[in-house]
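Geometric and topological summary
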Amino acid sequence: MAFSKLGLSDPILKAVSELGYTAPTAIQQQAIPIILSGKNLIAAAQTGTGKTASFVLPLLEKLNAAHYGHKLRAKRIRALIITPTRELAVQVAASISQYGQHLSLTSMAMYGGGDEQSQKQRLLEGVDILVATPGRLLDMAHQRALHFDELEVLVLDEADRMLDMGFIGDINKIIERLPAKRQNLLFSATISQDVRYLAKSAVNDAMEISVSANSSATPEIEQWLITVDKDKKSALLSHLIQQQQWQQALIFIETKHGAAKLVSQLEKRGIKAEAIHSGRSQAVREKLLADFKSGELSMLVATGIAARGLDIDELPKVVNYDLPYQSDEYIHRIGRTGRAGASGEAISLVSKDDFKNLCAIESRLGHIIERREIEGFAVKKVVPVSILNFVPKSKR
Ligand code: AMP
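Read on for an overview of the structure. (Residues numbered from 1 in each chain as written. Predicted model: local features only at pLDDT ≥ 70, side-chain atom pairs only at ≥ 80, totals over all residues. Heavy atoms only, no water.)

This paragraph deals with the sheet that holds strand β12 (residues 317-320). The strand order β10-β11-β9-β12-β13-β8-β14 describes an open sheet built from 7 strands, whose pairing is parallel. With partners counted over all chains shown, the strands left at the sheet margins are β10 (273-276) and β14 (370-371), one partner each. For strand β8 (residues 221-227) and β14, the ladder comprises 2 bridges, and the chain directions are parallel. In the strand pairing of β14, Leu225 is matched with Arg371. Seen against the sheet, helix α10 (residues 233-243) touches β8, β9 (249-253), β11 (299-303), β12 and β13 (344-350) and runs at an angle of roughly 155 degrees to β13. Of the strands in this sheet, β9, β10 and β11 are in contact with helix α11 (residues 256-268), which crosses β10 at around 175 degrees. (Pairing = 2+ DSSP bridges. Helix = DSSP H or I, 4+ residues; strand = E, 2+ residues; numbered from the N terminus. Contact = heavy atoms within 4.5 Å. Axes fitted to C-alpha atoms, helices over the stretch in contact; angles between N-to-C directions.)

With that out of the way, let us pick up the nonpolar core. A general tendency of soluble globular proteins is for nonpolar side chains to be buried together. Among the nonpolar cores identified, the biggest contains 39 residues, and Leu41, Phe55, Leu57, Leu60, Ile81 and Phe187 are the most heavily contacted of them. For this core, the element with the highest residue contribution is helix α3 (residues 51-65), accounting for 7 residues. Excluding residues within four positions of it along the chain, Leu60 makes contact with Ile12, Ile96, Tyr99, Gly100, Leu103, Leu105 and Ile129. Membership of the second largest hydrophobic core comes to 36 residues, among which are Ile77, Val127, Met162 and Ile175. (Core = buried A, V, L, I, M, F, W, Y, C linked by side-chain atoms within 4.5 Å. Buried < 20%, exposed > 50% of the residue type's maximum accessible area, 1.4 Å probe, protein only.)

Bringing the pattern of salt bridges into the picture now. By the definition in use, this model includes 25 salt bridges. Measuring nitrogen to oxygen at the nearest pair gives 4.0 Å for the salt bridge that ties Glu18 to Lys14. Placement of the pair is Glu18 and Lys14 together in helix α1 (residues 10-18), with a separation of 4 residues, close to one helical turn. For Glu18, a relative accessible area of 44% corresponds to the partly exposed category. In this structure Lys14 comes out as partly exposed when scored by relative accessible area, which is 45%. Two residues, Asp322 and Lys233, come together in a salt bridge whose shortest N-O distance is 3.5 Å. Residue Asp322 is located in the loop between β12 and α14 (327-334), and its partner Lys233 is located in helix α10; the two are separated by 89 residues in the primary sequence. Look at Asp322 and you get buried, because its relative accessible area is 18%. Through salt bridges that share partners, Arg73, Arg76, Asp149 and Glu150 make up one connected network. (Salt bridge = Lys/Arg side-chain N within 4 Å of Asp/Glu carboxyl O.)

By the definition in use, this model includes 2 aromatic pairs. Where Phe55 meets Phe187, the ring centres are 4.9 Å apart and the plane angle is 50 degrees; that geometry is what we call tilted. Of the two residues, Phe55 sits in helix α3 while Phe187 sits in strand β6 (residues 183-188), which places them 132 residues apart along the sequence. Taking the relative accessible area as the measure of exposure, Phe55 reaches 0% and is therefore buried. By relative accessible area, which is 0% here, Phe187 ends up buried. (Phe/Tyr/Trp six-rings, centres within 6.5 Å; stacked < 30°, edge-to-face > 60°.)

On their own, these measurements won't tell you what the molecule is for.
And the structure:
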């Protein structure tokens, strides 16, 4: 299928073609016509499927078509995209600028940690599309720095992640302030019971679409694991990086402290790495991300939350130095690699302590992850083979 069949106008098609996109992805083929028709939508799509463009393109189309003669009033917005993290807000806003470069719509990203005064100043003129994190958004609404009475479309992006991060209260308070007549779009990597519950209050009468089987990750991603004693993890990682001559990898770790320690352990073995976590300033995080994207920085160690929303194309390797507690988080992480058709590798270092998490992840995938052995790293504490119908206590 060609982009031109989707009902998007020339300035948008031009921008998409300049970005080198030749055909819409599956989620784009399904979502764009539904959104253009004005219906509410719930979409199950992971990062890496092209989900951002699947709502940004039709949103631009609709707002642009209704733009002529429309004068935005002060502090008003026409579309609101709520994201769980500032990194994702910045990323979505960047996509809006790219896809909308031949249009005259305005947009901005608004998040905690950004300069509040300059955000307020921008809002004074009115903004067509506002991308915001829940806390700062609510704060601005309380301060009457923005009003929702002209809002036409609400997008909840990565809804499952917002619930995991405890934003449900803020989101409900925001939704209460929105005009009743609006279009609602909800995107989520997984549609859990909690997401359904949120969808019920925010997105009723929605069309529902899904692009990936709920239980499996993208097939182009090669997943494997190595069982290893906990105290040997950093030596093993250094060994893999050096022996296999890795060009670039995003390494997930559980804690801030662990991230800093791993960076120094890698550096002692001559491997340059940097850590990205919530303890580092926004400016430092942005700089590290830019260096990582440009290839200047090859090893980036990240805590799960900090890494959320990082848009890094065609990343060859993702490493779970620690396995995540949530199996959905594993799916999100491996979605960072093999994006938009490129192939990738997801490698997990699994110690006996990670066994419960491994069971939950493999049950969620519906299959066991291939195990590989690395010479010189035989384990003392064996990790048993998972029981695939394992259900974590919290979900029973
Ligand atoms: P997302 O799932 O929104 O995070 O998008 C993943 C990546 O796919 C982004 O880097 C996009 O630039 C890219 N992308 C989105 N749509 C397409 C398309 N139709 N063809 C090629 N790449 C795309």
